[in-house]
Amino acid sequence: IYTLSLHDALPIFGRLLSSHDLGLDENLCGIGMPVLVMTGKHDRMVNPEETRRLAAELPNAVFSVFEACGHLPQEEQPARFIEEVGGFLERHFR
């Protein structure tokens, strides 16, 4: 059995994801409600620039970058994550 380390598997997984068209581009402009889009600056699963592009395509997106963070801001910086989500909900859905 051949196994991959996480270090070796991430680039393969990234290529797999980037090769699949999810059809998001033509549907994003139809989402009118506020959306919170967050990324970690050092995310190796989803390129932060792709996340930034996603937020730019959404008419009412709020974009947040966690500077010292990877793919899981809710686990890597839980206090800030809760602050971001709570603030977003207070501003947009109260």
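Above this note sits the structure.
Student: Looking at this structure, I do not really get the overall build of the protein chain. What am I missing?
Tutor: Within the protein chain, the regular secondary structure consists of 5 helices and 2 strands. Listing the helices and strands of the protein chain from first to last along the sequence gives α-α-β-α-β-α-α. By sequence separation, contacts in the protein chain at least 24 residues apart represent 65% of the contacts at least 6 residues apart. For the protein chain, the exposed surface amounts to about 6,800 Å²; the carbon and sulfur share of it is 59%.

Student: What am I meant to see in the pairing of strand E1 (residues 35-40) here?
Tutor: The side chains of a regular strand alternate, first on one face of the sheet and then on the other. Pairing geometry for E1 and strand E2 (residues 61-66), over 6 bridges, is parallel. Bridging across to E2, Leu-36 finds its partner in Val-62. Tracing the backbone out of E1, into helix H3 (residues 48-57) and back to the parallel element E2 gives a crossover that is right-handed.

Student: Any chance you could explain the side chain of Thr-51 here in plain terms?
Tutor: Mapped onto the secondary structure, Thr-51 falls in helix H3. Thr-51 sits in the buried class, given a relative accessible area of 9%.

Student: Could you clarify how one ought to interpret H3 in this entry?
Tutor: Structural remark: α-helix, 3.6 residues per turn; residues separated by three or four positions point the same way. Pro-48, Thr-51 and Ala-55 are the residues of H3 that are buried. The arc that holds every buried residue of H3, seen down its axis, measures 55°, which confines them to one face. Looking at the buried positions of H3, the neighbouring elements they touch are E1 and E2. Measuring from the backbone nitrogen of Glu-49 back to the side-chain oxygen at the start of H3 gives 2.8 Å, which picks out Asn-47 as the cap.

Student: For this particular structure, what's the right way to read the packing of aromatic side chains?
Tutor: Aromatic ring pairs are described here by two measures, namely the spacing of the ring centres and the angle between the planes. Applying the stated criterion across every chain, the model contains 1 aromatic pair. The ring of Phe-66 is capped by Arg-80, whose NZ or CZ atom sits 4.0 Å from the centre of that ring.

Student: Can you walk me through the pattern of salt bridges in this structure?
Tutor: When their charged atoms lie close together, side chains carrying opposite charge are able to pair. For the structure shown, the criterion picks out 5 salt bridges. In this structure, the salt-bridge partner of Glu-84 is Arg-80, at a minimum N-O distance of 3.3 Å. Separated by 4 residues within a single helix, Glu-84 and Arg-80 lie in helix H5 (residues 78-93), roughly one turn from each other. We classify Arg-80 as partly exposed; its relative accessible area is 28%. Glu-90 is paired through a salt bridge with Arg-94; the nearest N and O atoms lie 2.9 Å apart.

Student: Which parts of the structure should I look at to understand the side chain of Gln-77?
Tutor: Turning to its location among the elements, Gln-77 is positioned in the loop between helix H4 (73-76) and H5. For Gln-77, the side chain forms a polar contact with the main-chain oxygen of Ala-68, separated by 2.9 Å. Leaving out residues up to four positions away in the same chain, Gln-77 has contacts with Phe-66, Ala-68 and Cys-69.

Parameters at a glance
- What you see as residue numbers is a count from 1 along each chain, following the sequence as written.
- At least 70 in pLDDT is required for a residue's local features to be given in this predicted model, at least 80 for side-chain atom pairs to be given and counted, and no such filter applies to totals for whole chains, interfaces and linings, which use all residues.
- The basis for every side-chain value is the complete set of non-hydrogen atoms in the structure, without hydrogens or water.
- Runs of E in the DSSP output that reach at least two residues are strands. Runs of H or I that reach at least four are helices, and both are numbered from the N terminus.
- Between two residues, a contact is recorded if the distance between any of their heavy atoms is within 4.5 Å.
- Per-residue and other accessible areas were derived by the Shrake-Rupley procedure at a 1.4 Å probe size, with only the shown protein chains allowed to occlude residues.
- Two strands qualify as a pair provided DSSP detects at least 2 bridges between them.
- Note on handedness: a clockwise path from strand one over the helix to strand two, with the strands aimed away from the viewer, defines a right-handed crossover.
- With a 1.4 Å probe rolled over the protein chains alone, any residue whose accessible area is under 20% of its type maximum counts as buried; one over 50% counts as exposed, and the rest are partly exposed.
- Arc definition: it is the arc formed by the directions from the helix axis to the C-beta atoms.
- We call two N or O atoms a polar contact when they sit within 3.5 Å, provided that within protein one can donate a hydrogen and the other can accept it, with sequence-adjacent residues counted only if both atoms are side-chain atoms.
- Centres within 6.5 Å make a pair out of two Phe, Tyr or Trp rings, where for Trp the six-membered ring is used; the pair is then stacked when the planes are under 30 degrees apart, edge-to-face when over 60, and tilted otherwise.
- For a Lys NZ or an Arg CZ to count as sitting over a ring, it must be within 6 Å of the ring centre and within 35 degrees of the ring normal.
- Within this document, salt bridges are pairs made up of a side-chain nitrogen of Lys or Arg and a carboxyl oxygen of Asp or Glu, the two lying within 4 Å of each other.

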